[in-house]
Amino acid sequence: MITLKHVAGFAGLMVFAAALYWAKSEAQAVRESADALQHQVNEQRAAVRVLEAEATYQERLDRLEGAARGQLKLEPVPARAMATLADLDMIAPLPGAASGPAVAVSPPADATREIPPPAQVQP
Amino acid sequence: MTDTANLAVEWPRAELRDQGGGSTARGRTYILSLVFSLGFAVLGARAVQIGLFRPVDEAGRAARAEAALPRADIVDRNGALLATSLTTYSLYADPKRVWDANETARALTTVFPDFDSADFIRRLRSGGRFVWVERRLTPRQRQAVWALGQPGLEFVEESRRVYPMGTLAGHAIGALNGEGSSISGIERALNDRLTTGDGATPVRLSLDARVQHVVEDELATTASAHRALGGAAVVMDTRTGEVLAAASWPFANPNAPGATKPHAQVNRVTNAVYEMGSTFKVFTVAIGLEDKVITPDKGYDATAPLRIGSETIHDFHGKNRVMSVREILTQSSNIGTARIARDVGRERMREFYTRLGLMERTGGELLEAGRPLVPARWSDIAAATVSYGHGIAVTPLSLTAGFAAVSNGGQYVRPTFIARNPDAPLPVTRRVLSEETSRTLVGLMRDVVTDGTGKRADADGFEVAGKTGTAEKVGPNGYDINRRVSSFAGVFPAHEPRYAVLVLLDEPKGSAATGGGATAGVTAAPAVSRIVSRSALLLGVRPAKTFAQFADEESPPQKAAMEAQ
């Protein structure tokens, strides 16, 4: 004998099955969307890799060095061209001032900086 | 009532229908309903199973995702790209879908000028569904093929390993073969790490591309100038063991490993062993000082060749007098060094060399690590010859690591091609010398450069300390004075040795610039000087002299005039 309980139970089962199906469909759609996004990310990453490789190729050290030497007439800075702030008086004394000290006073460590000699850079 | 009336015909009465029988219409209907119901129930159950319980192809998705992961990049210690994987497209033809083979071949010739049309047509007509046209197209070529609009031409994605720096550090980085399998270098040694990661985390090497460039430039220039068979050069951090530059000449191009000649494929830094000659004297003096068998000023008789058993040891630059240990090193006396070795003792020598890593393979992470050739038995003559670098052959990397160990305060650090984490503690090391001995030894090596055979190795302001080594190579008839291995190994700056450097030339020839000589002092030493001069600033080493001190050296008359004022 089919009672109201049976009908209600069957209807509940149907609703549950439909909800389960909907949830699964949604999850599948989201997964497919994620896959598509991942595919796009991979494509973009691949494009970035190509750009990085091309940039590295263009900036090869031998090319840069050749350009610096050939086009700009630059040469590596020798150690004796390294100066500190304390050497400024010797390098470029103020007009009318006495000559700078023959031996430079040791500057604080953080005061060291490189000053390329004018002779190294040719127009 | 007539008879007729009485004659009641007994018609057969219909029997009651059998409610459950299959022979009745009702029964058949029930059965049919049951069959249909069962059928629909099965279909419904299957639909529910498919809709709700079908397993997702996770394994397939993971496999596809993994296939999409490229081999990880290789970068230098500063992040400069050394190796990367690019997606390329290869072109193939499906013969069944090609309308006109001649027209397709003609069209392809416009994109690929060297295309072999006849061979392509022949392959198209040989049956099958797949014919390679061209592998690894550039994006421009791919676009051009698309523009042809020829049916039957398809693309397939392929990964291609690219080394944008060309030959830079080619031996250390290694290469892949045509099938994409690693065949050498870091590519081979770290294959699992490069292929099993997420593809986005690069492997950071200890190499510094800037220093590597300088080292390769100077090595190639020097080796070419002296018409050497080959050459090797190394720069290494003495404290961490990180190899900052490792160059083997002739260079190898990892972009075209098949085109590299066998002679150039050998990594001479880690996989070739050489008798290094007098650079080994540093180790002999080191153990003598450590054991307090000698002092820098102790004298040794070098007036005449030393005879040990049937062998006689001579000096290349014979002084024929008593020499101090300092002079033995600066003037590179074989006789004096052999006498020191005799005082130290052959067993102690062997033990010290073992602790210095000279008796084992030293290739860092590279699998191409040459096995050293060491004496089978440490006899008196073996110990004597080993003391000045003959009768033992090691790789240039081994020698450099040895120099680093005796100069950094006496700790042996295993060399590595992988960048260390600066915040991590220094790797486990083993002590080979006391700090005091190490300091004394570096002072003696500095004397070699200021007053001895290594004068041309000095770099203005960067205080190179080291030792020259000129070894004769073994020929069919013993040592051949015309075939040499010239090297200079050293450290800089001498007041706080931070970097070890080595340049080695295999069979250099004399030139007019060297007065016909091909010894280490005129071949390898100048190369070291130039390498240090160009790379010290890149490594953050400051000159030991101030600008004013350099100025004083350049103009002593001016200084005198200033003092007179």
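Residues numbered from 1 in each chain as written. Chains lettered and ligands numbered in written order. Predicted model: local features only at pLDDT ≥ 70, side-chain atom pairs only at ≥ 80, totals over all residues. Heavy atoms only, no water.

Draft legend 1. Representation of the overall build of chain A in the model. Along its length, chain A carries three helices and zero strands. When the elements of chain A are put in sequence order from the N terminus, they spell out α-α-α. Relative to its 123 residues, chain A shows a buried fraction of 14%. Sequence-distant contacts in chain A: of pairs separated by 6 or more residues, those separated by 24 or more amount to 59%. (Helix = DSSP H or I, 4+ residues; strand = E, 2+ residues; numbered from the N terminus. Buried < 20%, exposed > 50% of the residue type's maximum accessible area, 1.4 Å probe, protein only. Contact = heavy atoms within 4.5 Å.)

Draft legend 2. Region of interest: the interface of chain B and chain A. Taken residue by residue, the interface counts 40 residues in chain B and 35 residues in chain A. Roughly 3200 Å² is buried in total at the junction of chain B and chain A, and carbon and sulfur atoms are behind 61% of that figure. Note that Arg534 of chain B is salt-bridged to Glu65 of chain A, the shortest N-O span being 2.6 Å. Scanning the region where chain B abuts chain A turns up six residue pairs in polar contact (both at pLDDT 80 or more). Elements with a minimum of two residues in the side of chain B that touches chain A: helix H2 (25-53), helix H3 (58-68), strand S2 (81-93), helix H10 (209-225) and helix H20 (547-554) of chain B. Top element by residues in the side of chain B that touches chain A is H20 of chain B. It accounts for seven residues. Classifying every residue of the side of chain B that touches chain A by side-chain character gives 19 nonpolar, eight polar and 13 charged. (Buried area = accessible area lost by both parts, 1.4 Å probe. Salt bridge = Lys/Arg side-chain N within 4 Å of Asp/Glu carboxyl O. Polar contact = N/O pair within 3.5 Å; in protein donor to acceptor, adjacent residues only side chain to side chain. Nonpolar A, V, L, I, M, F, W, Y, C, P; charged D, E, K, R; others polar.)

Draft legend 3. Seen up close, the sheet that holds strand S20 (residues 499-506) of chain B. Residues and elements named next belong to chain B. Read from one edge to the other, the open sheet built from five strands follows the order S9-S8-S20-S19-S18, with strand pairing classed as antiparallel. Both edges of this open sheet fall to strand S9 (243-249) and strand S18 (465-475), since each of them pairs with a single strand only. Within this sheet the neighbouring strands show an average axis-to-axis angle of 10 degrees, counted without direction. Sheet topology places strand S8 (residues 230-237) next to S9; six bridges connect them, and they run antiparallel. Of the residues in S9, the one forming a bridge with Val234 is Ala246. Helix-sheet contacts for H10 involve S8, S9 and S20, and the interaxial angle to S9 is about 30 degrees. (Pairing = 2+ DSSP bridges. Axes fitted to C-alpha atoms, helices over the stretch in contact; angles between N-to-C directions.)

Draft legend 4. Spotlight on the nonpolar core. Ranked by internal contacts, the top residues of the largest apolar core, which has 88 residues, are Phe283, Phe352 and Tyr353 of chain B. In this structure, Tyr353 of chain B is in contact with Phe280, Phe283, Thr284, Leu358, Met359, Trp378, Val386, Ser387 and Ile392 of chain B, ignoring residues within four places of it in sequence. Counting residues in each nonpolar core, the second largest holds 34 residues, with Ala79 of chain A together with Phe492, Tyr499 and Leu505 of chain B among its members. (Core = buried A, V, L, I, M, F, W, Y, C linked by side-chain atoms within 4.5 Å.)

Draft legend 5. Spatial organisation of the pairing of S18 of chain B. Residue and element names in this part refer to chain B. When you tally the buried positions in S18, you get eight out of 11 residues, the bulk of the element. With 11 bridges joining them, S18 and strand S19 (residues 478-492) adopt antiparallel strand pairing. Looking at S19, one finds that Glu472 is bridged to Arg484. Between S18 and S19, which pair antiparallel one after the other, the connecting turn spans two residues.

Draft legend 6. Focus on the pattern of salt bridges. The full count for this structure, using the stated rule, is 34 salt bridges over all chains. Across the pair Glu158 of chain B and Arg135 of chain B runs a salt bridge whose closest N-O atoms are separated by 2.6 Å. Here Glu158 of chain B, found in strand S4 (residues 153-162), pairs with Arg135 of chain B, found in strand S3 (residues 131-137); they are 23 residues apart in sequence, far enough to count as distant. Residue classification places Arg135 of chain B among the partly exposed residues on the basis of a relative accessible area of 38%. Here the salt bridges share partners, and the residues they tie into one network are Glu65, Arg69 and Glu75 of chain A together with Asp217, Glu218, Arg530 and Arg534 of chain B.

Draft legend 7. Representation of the packing of aromatic side chains within the structure. In this structure the tally under the stated criterion is 11 aromatic pairs over all chains. Pairing Phe283 of chain B with Phe403 of chain B gives two aromatic rings, centres 5.4 Å apart and planes at 65 degrees, and the pair type is edge-to-face. Taken together, the residues span a long stretch of sequence, with Phe283 of chain B in helix H12 (residues 281-290) and Phe403 of chain B in helix H17 (residues 396-407) at a distance of 120 residues. Look at Phe283 of chain B and you get buried, because its relative accessible area is 0%. The structure contains a cluster of three or more aromatic residues connected by ring pairs, namely Phe280, Phe283, Tyr353, Trp378 and Phe403 of chain B. Lying over the aromatic face of Tyr57 of chain A, Arg60 of chain A brings its terminal NZ or CZ to 4.5 Å of the ring centre. (Phe/Tyr/Trp six-rings, centres within 6.5 Å; stacked < 30°, edge-to-face > 60°. Lys NZ or Arg CZ within 6 Å of the ring centre and 35° of its normal.)

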